[in-house]
Amino acid sequence: MKATPMNLNRQIEKWLQSSISSTELTKRPFVTLAYAQSWDGSITTRCGEKLNFSCKESTELTHQLRSLHDGILVGIGTVLSDDPQLTVRDWDGPNPQPIVLDSHLRIPNSAKVCHHPDKCCWILTRKTEFGPLTGNAEIVTVNGEDNEQGNVPLVSAMEILYERGIRSLMVEGGAKIITAFLQAHLVDALVLTVAPQIVGGYKAVGDLQSVTGHEIPDITPIFSSQAGEDFIIWGRLYFKGKSN
Ligand SMILES: NC(=O)c1ccc[n+]([C@@H]2O[C@H](COP(=O)([O-])OP(=O)(O)OC[C@H]3O[C@@H](n4cnc5c(N)ncnc54)[C@H](OP(=O)(O)O)[C@@H]3O)[C@@H](O)[C@H]2O)c1
């Protein structure tokens with residue numbers, strides 16, 4: 001299905017709102033993966049380097065998407081490399097709750113997310129003992145089953161977010177977080193911005209095949225449109241046999 005550029009923002013808003021309201025989840029938020037990649041699937045040049053792909057129109061769309069979710073989540077890798085604000089600046093709408101997955105509390109006090117204009121950033125960690133953080137941030141310890149790296153367990157993290165009132169969550173990256181959400185079958189929708197570049201760099205999605213029981217999700221129906229120079233592709237993700 002194709003959207004014309006003029007009605008893209010309206011169409012995507014309607015689709016997202018209806019997707020969120022029609023999905024019954026009892027223990028976790030509705031999760032939308034939303035990120036920008038080059039035609040070859042790179043999200044940046046090298047891991048830890050920042051590359052701005054998005055044109056004005058797709059940046060506005062990203063900010064609109066942020067405003068349509070209760071929460072926005074990134075990994076600590078993205079905070080350390082990009083220092084994002086995670087606010088809605090290029091669209092009229094409320095700021096979502098900023099959330100960072102940071103197993104070992106590597107976040108610096110100077111991180112912009114910890115100095116958010118109207119929200120106290122939630123830092124989800126494995127650590128049970130920590131000193132005070134300056135700025136506008138709350139440290140939340142997540143218990144639950146570890147992966148090999150001792151990362152924040154995603155299922156428990158989603159339960160905590162749900163208990164705190166987050167019913168819709170936009171996951172912006174980076175690659176390790178995108179991969180972890182897909183490995184855990186915790187993705188309901190995908191909004192992909194595809195910029196007309198061939199980067200040959202750090203890819204959005206890592207190894208999914210080594211995960212026991214991983215199923216390749218269907219993305220259906222698929223929608224697409226052009227926003228400025230970028231292509232926007234979006235759709236619902238369904239893991240067969242998925243239970244929420
Ligand atoms: N194009 C785009 O749309 C876009 C968007 C975002 C980022 N980026 C780029 O992506 C790069 C950063 O990506 P990245 O892969 O290095 O970092 P990331 O995905 O942002 O963060 C990964 C880190 O999150 C922590 N983490 C906590 N719980 C986790 C879990 N359950 N699973 C996986 N990780 C968990 C881990 O560090 P600890 O073990 O220390 O907790 C892990 O190393 C940057 O270069 C940035 O510019 C691009």
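Data block above holds the structure.
In this text the structure is predicted, and so the values were computed from the model without any measurement.

Participant: Just to check I follow, could you spell out unusual backbone geometry for this structure?
Facilitator: Backbone phi values are negative for most residues with the exception of glycine, while trans is the configuration of most peptide bonds. Cis geometry is found at the peptide bond from G173 to G174, where omega equals -5 degrees. Turning to its location among the elements, G174 is positioned in the loop between β7 (168-173) and α5 (175-183). The backbone phi angle of D83 is positive, close to 50 degrees, even though this residue is not glycine. Its place among the elements puts D83 in the loop between α3 (76-82) and β4 (97-101). The partly exposed category is assigned to D83, whose relative accessible area is 26%. Its identity is not glycine, yet L86 carries a phi of approximately 60 degrees, on the positive side. In this fold, L86 is placed in the loop between α3 and β4. For L86, a relative accessible area of 1% corresponds to the buried category.

Participant: Please explain the sheet that holds strand β8 (residues 189-195) as it appears in this structure.
Facilitator: Consider a sheet: its strands pair through backbone hydrogen bonds, and that pairing is either parallel or antiparallel. Strand order across the open sheet formed by nine strands is β6-β5-β4-β3-β7-β1-β8-β11-β10, with mixed pairing between neighbours. In the strand order of this sheet, the two ends are held by β6 (137-141) and β10 (218-227), each with one partner. Neighbour to neighbour, the strand axes of the sheet diverge by 20 degrees on average, direction disregarded. Bridge analysis of strand β3 (residues 71-75) against β7 gives four bridges, and the strand direction is parallel. Within the sheet, the bridge partner assigned to V74 lies in β7 and is G173. This element, helix α4 (residues 154-163), spans β1 (30-38), β3, β4, β5 (121-125), β6 and β7 of the sheet and lies at about 150 degrees to β5.

Participant: For this particular structure, what's the right way to read the packing of aromatic side chains?
Facilitator: Given two aromatic rings, one states the distance between the centres and the angle between the planes to describe the pair. For the structure shown, the criterion picks out three aromatic pairs. Between W15 and W234 the ring centres are 6.5 Å apart and the planes differ by 65 degrees, which places this aromatic pair in the edge-to-face class. Placement of W15 in helix α1 (residues 5-22) and of W234 in strand β11 (residues 230-238) is noted, with a sequence separation of 219 residues between them. Take W15 and W234: they sit in the same class, and that class is buried. Through a chain of ring-to-ring contacts, the aromatic side chains of W15, F223 and W234 assemble into a single cluster. For R164, the ring lying beneath its charged end belongs to W122, and the centroid distance is 4.8 Å. Here the guanidinium or amino end of R167 rests over the ring plane of Y162, the centre of that ring lying 3.7 Å away.

What counts as what
Residues numbered from 1 in each chain as written. Predicted model: local features only at pLDDT ≥ 70, side-chain atom pairs only at ≥ 80, totals over all residues. Heavy atoms only, no water. Helix = DSSP H or I, 4+ residues; strand = E, 2+ residues; numbered from the N terminus. Buried < 20%, exposed > 50% of the residue type's maximum accessible area, 1.4 Å probe, protein only. Pairing = 2+ DSSP bridges. Axes fitted to C-alpha atoms, helices over the stretch in contact; angles between N-to-C directions. Contact = heavy atoms within 4.5 Å. Phe/Tyr/Trp six-rings, centres within 6.5 Å; stacked < 30°, edge-to-face > 60°. Lys NZ or Arg CZ within 6 Å of the ring centre and 35° of its normal.

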